Amino acid sequence: FACYETSSKTGTLVTLYAKPFDYTRNVSGNYATICLPKAGKIIGATLYEIAYYGETSKKIFFDEIVNGEMEAGIPYIFQPAAGVEKINVYYSDNTAEDVVAGNRNGLIGFYNLNDPEATHNITQDAGYYILYNNQYWLVSGREAYVENYRAFIQLNQIRPSEPTLAPGRRRISMSVNDTQTTTGFENAEANEAPHKVLINGELFILRGEKMYDAKGQLVK
């Protein structure tokens, strides 16, 4: 902001207007995917990109994008901040050309700019996963689709080697079960509110004095 002097003749004050968001979405607090046709900055959520897939550990690892800045046409995963019911995105340049939805490291984006209600049907038995309710579901033996401005995963396209974690970034992981899902938060007991914690780069869920791994299995 800069300082402006009030007119001595009219007494008119300078009026400031908030820039409207270019993209908004209602959220429930769960992890979700996003892919937009212009570069921008996400507000109200932590943004992640896929880092690599550990073939031995059967985990997908995600690295935080600290500044929340998104590239045009590139898909991402995000987690809304606590208490946030709507995430927002400011485009960096509204005059920039819309780009075609792309993919990066196994995360495949989708959007249809001509139909806001468009969905994308995913082929079965091709190693695709969709993210729903904090779980990665293998598309096999059932009909599946993703909504507009979202993304899905092709497991065999994810980098298998572990890259160096850049300073200031956080890395999280989710387990992969090729028969059903990658995470099992729903398997934990429901009598106490869960809390997610990262220990040595691995995600755990705490309920009271009990600890569960990302599959919902009791650790201690």
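Draft legend 1. The overall build of the chain, seen in detail. A count of helical and extended segments in the chain gives zero helices and 19 strands. Among the 220 residues that make up the chain, the fraction classed as buried is 42%. Partitioning the intrachain contacts of the chain with sequence separation of at least 6 by distance along the chain shows that 69% fall at a separation of at least 24. Here the chain has roughly 12800 Å² of accessible surface; of this, 48% comes from carbon and sulfur atoms.

Draft legend 2. Examining the pattern of salt bridges more closely. Enumeration over the complete set of coordinates arrives at six salt bridges. Close ionic contact of R170 with E64 constitutes a salt bridge, the shortest N to O distance being 3.6 Å. Placement of R170 in the loop between β15 (150-154) and β16 (171-175) and of E64 in strand β5 (residues 59-65) is noted, with a sequence separation of 106 residues between them. Its relative accessible area of 15% is what places E64 among the buried residues. Of the charged contacts, one joins E71 and R104 as a salt bridge, the two residues approaching to 3.0 Å between their closest N and O atoms. Placement of E71 in the loop between β6 (69-70) and β7 (76-80) and of R104 in strand β9 (residues 103-104) is noted, with a sequence separation of 33 residues between them. When its relative accessible area of 31% is taken as the criterion, R104 is described as partly exposed. Here the salt bridges share partners, and the residues they tie into one network are D63, E162 and R171.

Draft legend 3. Just the pairing of strand β13 (residues 135-138), in detail. Taken together, the four bridges between strand β12 (residues 128-132) and β13 define a ladder with antiparallel strand orientation. Directly across from Y132, in β13, lies its bridge partner Q135.

Draft legend 4. Spotlight on the packing of aromatic side chains. On inspection of all chains with the given rule, the structure shows seven aromatic pairs. Ring plane angle 85° and centroid distance 5.2 Å describe the contact between Y128 and F152, whose orientation is recorded as edge-to-face. Note that Y128 is positioned in strand β12 and F152 in strand β15, a separation of 24 residues in sequence. Each member of the pair, Y128 as well as F152, carries the same accessibility label: buried. Here a set of aromatic residues connected by ring pairs shows up, and it is made of Y23, Y111 and Y149.

Draft legend 5. Just the environment of V99, in detail. One can find V99 in the loop between β8 (86-91) and β9. V99 sits in the partly exposed class, given a relative accessible area of 31%. Sequence separation between V99 and P37 is 62 residues, and the spatial gap between their C-alpha atoms is 5.2 Å. Not counting residues within four places of it along the chain, the set of residues in contact with V99 comprises P37, A72, G73 and Y111.

Draft legend 6. Structural context of the sheet that holds β6. Spatial ordering of the open sheet is given by β1-β8-β3-β6, a layout of four strands whose pairing is antiparallel. At either margin of the open sheet sits one strand with a lone partner, and together these are β1 (23-26) and β6. Pairing geometry for β1 and β8, over four bridges, is antiparallel. Pairing of N26 across the sheet is with K86, part of β8.

Draft legend 7. How the structure looks around the pairing of strand β3 (residues 40-43). Only one face of β3 is covered, namely the one carrying G40 and I42; the face carrying K41 and I43 has none of its residues buried. In this sheet, β6 lies alongside β3 in antiparallel orientation, the contact comprising two bridges. Residue G40 lies in a different strand from β6, and its bridge partner there is M70. Relative to β8, β3 is paired through four bridges, and the arrangement is antiparallel. Pairing of I43 across the sheet is with N88, part of β8.

Conventions used here
- Residues numbered from 1 in each chain as written.
- Predicted model: local features only at pLDDT ≥ 70, side-chain atom pairs only at ≥ 80, totals over all residues.
- Heavy atoms only, no water.
- Helix = DSSP H or I, 4+ residues; strand = E, 2+ residues; numbered from the N terminus.
- Buried < 20%, exposed > 50% of the residue type's maximum accessible area, 1.4 Å probe, protein only.
- Contact = heavy atoms within 4.5 Å.
- Areas by Shrake-Rupley, 256 points an atom, 1.4 Å probe, with all protein chains shown as cover.
- Salt bridge = Lys/Arg side-chain N within 4 Å of Asp/Glu carboxyl O.
- Pairing = 2+ DSSP bridges.
- Phe/Tyr/Trp six-rings, centres within 6.5 Å; stacked < 30°, edge-to-face > 60°.

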